[in-house]
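Architecture at a glance
So the chains spell out like this:
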Amino acid sequence: MTSKPQFAGRSLFDLDDYSREEIMFILEAAKGMKEINLREYKKIPTLKGKTVCTLFIENSTRTRMSFELAANRLSADVVSFQSSISSLQKGESLQDTVYTLNAMGIDLYCIRHSSPGSPQLVNKYSGKPVINGGDGRHSHPTQALLDIFSIWEKLGDIKGLKITIVGDILNSRVVRSNLIGMGKLGAKVTVCGPKTLMPSNMESVYDCRVEYDLQRALKDADVVMGLRMQLERMTEGLFPSLEEYSKHYVLSKETLKYAKKNALIMHPGPMNRGVEILPEIADSNQSVIVEQVANGVAVRMALMFLILGGKA
Amino acid sequence: MKTLIKNANIFTQGKFIKGDIFIERKKIAKIGGTITVNADKTIDAKGACVLPGFIDLHSHLRDPGQTYKEDIVTGTLAAAHGGYTAVCAMPNTEPVTDNIASVEYIQLRAKDYGYARVYVVGAITKKLAGEEIAEMATMKAGGIVAVSDDGKCVQNARLMLSCMKYASNFDLPVIIHPEDYSLAGKGQIHSGKVATKLGLSSIPGLAEEVIIARDIMLAENTGAQLHIAHISTARSLELVKNAKDKGLPVTCEVTPHHLVLNEEANLTFDTNTKMKPPLRSEKDRLACVQALKEGLIDCIATDHAPHADFEKEKEFDIAPFGIIGLETAFPVLYKNLVQTGKISLNRLIEALTIAPAKILNLPGGVLAEGKIADLTIIDLEQETLFSVENILSKSKNTPWLNQFLPGRVMFTICNGNITYKDSESE
Ligand SMILES: [Zn+2]
């Protein structure tokens, strides 16, 4: 018997610091939260009197809304700080921003920032727990948790599942956190993409398989996740054109023949339909892409609830 | 001023001898044995070592232009605290040291207020812009000891060829900061496992290696004396070995941090582990230690790069590159390389003293009768807590903060004058 995991006051920088048991505990809690989201009156008084700040130095309306909705549904007060890195560079530092916000009595920060490691800084400057909502290309643990939740909900035990993630692995924070989380739960993960978009030493940094060929990567996969392909990588000389990328790496009926029948289809969004994934796949009944968004709110509610020590 | 140092362990002619040293008229008048003279000052150095004053080929004193980070007074004070009696000031100041007036400014400030000898390194190109050759000959007449665009790297090979030709014309060693911009990109740390894990943009070893390969070829072509600053990869060392085997006048330096830390130090996102070149892989680090031991790496230089707290206390990818190093170089290396048996104390001393002196043909670096009295007295047995309070540099950007380090500098004497004295000494 393991003791009940302790979350109160803890930060979530990445899934490294969370054990398998703790991750499972969060998923269980999220299950309860998801039920609340399905009610007609979607609000519980759990975090009344607590103040959550969404500190977004990099734009992401979707993620910010998900965090804010999660806080609202738990009846916490929500304040939102938005800025761009360039304006932050010009004037006030992150340190000063956090000191100012802290003076206003923030209990929990949810941060999105283009700099890896910035959630740790916010925690250091504020002394308050921080949930990482994405730091550069480093990590995106809440996205990984909602991905894992979505798989767990549909397929049950993660252990032994073959999961294939396809796309721009180099620039993806989603992949890095998912590799940690899925690895802890015993999945066998394969990452696939062109060599120019694959970081070095992947197999030794994470326990994963690297494939540059989509067919081989998809072979017998239980879960297939596509990643957004960004046009700017083309000008960085990492791939020649979206057309060529698509020809070799698109998730289509054709390519998914190699995966398991009814393999779960995922995408962290926003999608480039027709580039990394065809609509026939994105909208198929194998796809849980829309549900991932709903699960995101539930997972974030669970985390806020656990970290702020709310009473059910 | 006559100074007598009694009962010391003196490092002279490559070995330690017990005895006294007598300093008179800025020179070492007598060394070894028991010396009985009337001195103005007598220091009992019982239990301590007397070493030649350390010489740093690579310091950023930030003066003029960024004196909130450091200035010539605090920079040389930090040097003296670290046992250094001479530092070479890199030209990436504001304005850039690319003209005779700037050279004279530094020399005058150092002469009047410095706690160590300051040798000026002039720029290779005007404003370090990599576009036009700086007035090397005029600066040489004004006393510069080498040229460098340190912090920057001349990207245009044709221009670099001219610069080397011109420098060799005036017998000026060329110190390079090898970094190909197109390969380094916006990189923050070494291209390796840690960069993959942290998702930080990375700087491959190749960025350094291609410029070293290029500049060795240019040096061979022009006959210029080439000194490679802060070498950091195993592959770079291979290139230097080939050049040296050919008999080319190529030398290189390594920093204490590249000898002691590897990329894993970046895992904490501590911006005091962010430097250029970045901390490399363990394989690279071990290669540097081995090369230092064998003499393939000629000397150790600090790349003392002060930055203010408000600059370093930032997101990792926004914070500037560089750490201070003058006050920690010897203790950090003594602790991590000598006490662990990786290199000998003799080799460490040599790499901090005679080797750098030879590369730029500077006085000092040895303790012998008739030589200038530049020396430091260090108690190897004593440990000190390296904390913010006892750093004399204006900046505190160091990964060794709050660590106990061995080798307490008791006195530093430069040109016969005491430039640093430990508060507990006498
Ligand atoms: Zn440099």
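Quick summary incoming for the structure in this document. Here the structure is a predicted model, which means the values were calculated and not measured.

Within this structure, the stated rule accounts for 34 salt bridges over all chains. A salt bridge links Arg64 of chain A to Glu68 of chain A; the nearest nitrogen and oxygen atoms lie 3.3 Å apart. Of this pair, Arg64 of chain A and Glu68 of chain A both sit in helix α2 (residues 61-73), four residues apart, which is roughly one turn of the helix. For the residue pair Arg64 of chain A and Glu68 of chain A, the accessibility class agrees, reading buried in each case. For the salt bridge of Arg280 of chain B with Glu208 of chain B, the shortest nitrogen-to-oxygen distance reads 3.6 Å.

On to the sheet that holds strand β7 (residues 84-89) of chain B, then. Residues and elements named next belong to chain B. Ordered in space as β6-β7-β8-β9-β10-β13-β14-β15, the eight strands form an open sheet in which the pairing is parallel. Either end of the sheet is taken by a strand with one partner, and the two such strands are β6 (54-59) and β15 (299-300). As judged from the two bridges shared by strand β14 (residues 250-254) and β15, these two strands associate in the parallel manner. Within the sheet, the bridge partner assigned to Val254 lies in β15 and is Ile300. Where helix α7 (residues 205-222) meets the sheet, its contacts fall on β10 (174-176), β13 (226-228) and β14, and the angle it forms with β13 comes to roughly 165°.

Taken together, the 16 residues of chain B in the interface contact 28 residues of chain A. Both sides together, the interface formed by chain B and chain A hides about 1,700 Å², and carbon and sulfur atoms give 51% of it. Ranking the residues of chain B by area buried against chain A places Thr196, Lys197 and Glu315 of chain B at the top, with a combined share of 36%. Summed over the shared surface of chain B and chain A, the result is two salt bridges. In this structure, Lys124 of chain A and Glu313 of chain B form a salt bridge, with 3.2 Å as the shortest nitrogen-oxygen distance. On the surface where chain B and chain A come into contact, there are nine residue pairs in polar contact (both at pLDDT 80 or more). Its residues placed into classes, the side of chain B that touches chain A shows six nonpolar, four polar and six charged.

Analysis parameters
- Residues numbered from 1 in each chain as written.
- Chains lettered and ligands numbered in written order.
- Predicted model: local features only at pLDDT ≥ 70, side-chain atom pairs only at ≥ 80, totals over all residues.
- Heavy atoms only, no water.
- Salt bridge = Lys/Arg side-chain N within 4 Å of Asp/Glu carboxyl O.
- Helix = DSSP H or I, 4+ residues; strand = E, 2+ residues; numbered from the N terminus.
- Buried < 20%, exposed > 50% of the residue type's maximum accessible area, 1.4 Å probe, protein only.
- Pairing = 2+ DSSP bridges.
- Contact = heavy atoms within 4.5 Å.
- Axes fitted to C-alpha atoms, helices over the stretch in contact; angles between N-to-C directions.
- Buried area = accessible area lost by both parts, 1.4 Å probe.
- Polar contact = N/O pair within 3.5 Å; in protein donor to acceptor, adjacent residues only side chain to side chain.
- Nonpolar A, V, L, I, M, F, W, Y, C, P; charged D, E, K, R; others polar.

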